[in-house]
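# Remarks on the overall topology
Chain residues, written in single-letter form:
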Amino acid sequence: MPKTYTTKIIGYEFSELSEDIQRDWYTKDNECLDYDAEECFIKPLIEGFHEELTDEYGATDIEVNYDLSYGQGDGCSFTAFFDVDTLLSNLDFWQDLTDDLNSGLLEIDDIRVVRCGYSNHYCHENTCEVEIDWECNNEYRGEEFNRLQELVDAASTMITNEIRDKLRDLKRELYDSYEVATSFEAYQEFMAEHNNLKYTELGEIIPPDLIKDATIVDGVQLQLDFGIDVDADTDSLEIEIL
């Protein structure tokens, strides 16, 4: 004769598991956390940095590099082309060249951010700098060239220092966001909002197909008032639960 076998499975929400088991899952899911941090926190900051460079320098062909490995050479750098007219409108960079620019003694042809140093394996802010291409009026080239070159180099250094400050700020923002996004608390919050799996008490995932058609009975602990008279004869006390 056929027999029916009934199995009782006790399932737990992730938030109902012990903290030790939750931390075990947190460790296992590190790669997923890194991906979520990249997509939801890092990319928006990089996109915002692109917009800042475009607004302030008329930057095009921007390529940002970053390394958040907490190791030697970590940080941020970028390459780009800056719009000459946008940069020339910021007189702070050209205060010693204003008269020479206005008189046509020199002309700025190109301003760009390039990688620098002996090796480009690192990503920190000191691995990029500003280069300026310029032309001197041939009529005064012999007597004025060296003086103008020094002033152009000074402007290049000033712009380089400014963008490196911005890269240091970006590095701090990226690290802060990454640490928040990959924290245990963020993982618990994510699992509470998006995870529909059920677990055994020891943290093993219960296969969804195993319980998809199961009858669910919530465990409820009732607080019962037995109305015990402390002076009663407890040897003969009877309790009836209906």
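Details of the structure are given in the entry above.
### Quick word on the environment of Leu 174
- Note on placement: Leu 174 falls in helix 6 (residues 141-181).
- The buried category is assigned to Leu 174, whose relative accessible area is 0%.
- The spacing of Leu 174 and Leu 45 is 129 residues in sequence and 7.2 Å in space, taken between C-alpha atoms.

### A closer look at the pattern of salt bridges
- According to the stated counting rule, one finds 14 salt bridges in the structure shown.
- Measuring nitrogen to oxygen at the nearest pair gives 3.1 Å for the salt bridge that ties Asp 100 to Arg 147. Separated by 47 residues along the polypeptide, Asp 100 in helix 5 (residues 98-102) and Arg 147 in helix 6 bring together distant segments of the chain.
- By relative accessible area, which is 34% here, Arg 147 ends up partly exposed.
- Between Asp 169 and Arg 172 there is a salt bridge, with the nearest N and O atoms lying 2.3 Å from each other. Highlighted residues: Asp 169 and Arg 172, both in helix 6, separated by 3 residues, approximately one helical turn.
- With a relative accessible area of 35%, Asp 169 lands in the partly exposed category.
- Look at Arg 172 and you get partly exposed, because its relative accessible area is 48%.
- Bridged by salt links that share partners, the residues Asp 110, Arg 112, Glu 131 and Asp 133 form one connected network.

### Observations concerning the pairing of strand 3 (residues 106-115)
- As paired elements, strand 2 (residues 75-82) and strand 3 share 3 bridges and run antiparallel to each other. Bridge assignment links Ala 80 to a residue of strand 3, and that residue is Val 113.
- Of the strand pairs in this sheet, strand 3 and strand 4 (residues 128-136) are connected by 9 bridges, and their pairing is antiparallel. Residue Ile 111 lies in a different strand from strand 4, and its bridge partner there is Ile 132.

Rules of the game
- Numbers given to residues run from 1 along each chain, matching the order in which its sequence is written.
- Given that the model is predicted, a residue must reach a pLDDT of at least 70 before its local features are reported, and side-chain atom pairs must reach 80 or more before they are shown or counted; all residues, however, enter totals for whole chains, interfaces and linings.
- Excluding hydrogens and water, the side-chain figures rest on all heavy atoms present in the structure.
- Numbered from the N terminus, helices here are DSSP runs of H or I no shorter than four residues, and strands are runs of E no shorter than two.
- A simple rule labels every residue: compare its accessible area, found with a 1.4 Å probe on the protein chains alone, to the largest value its type can have, and call it buried under 20%, exposed over 50%, or partly exposed in between.
- Here a salt bridge means any side-chain nitrogen of Lys or Arg lying within 4 Å of a carboxyl oxygen belonging to Asp or Glu.
- Criterion used throughout: strands pair if DSSP finds at least two bridges between them.

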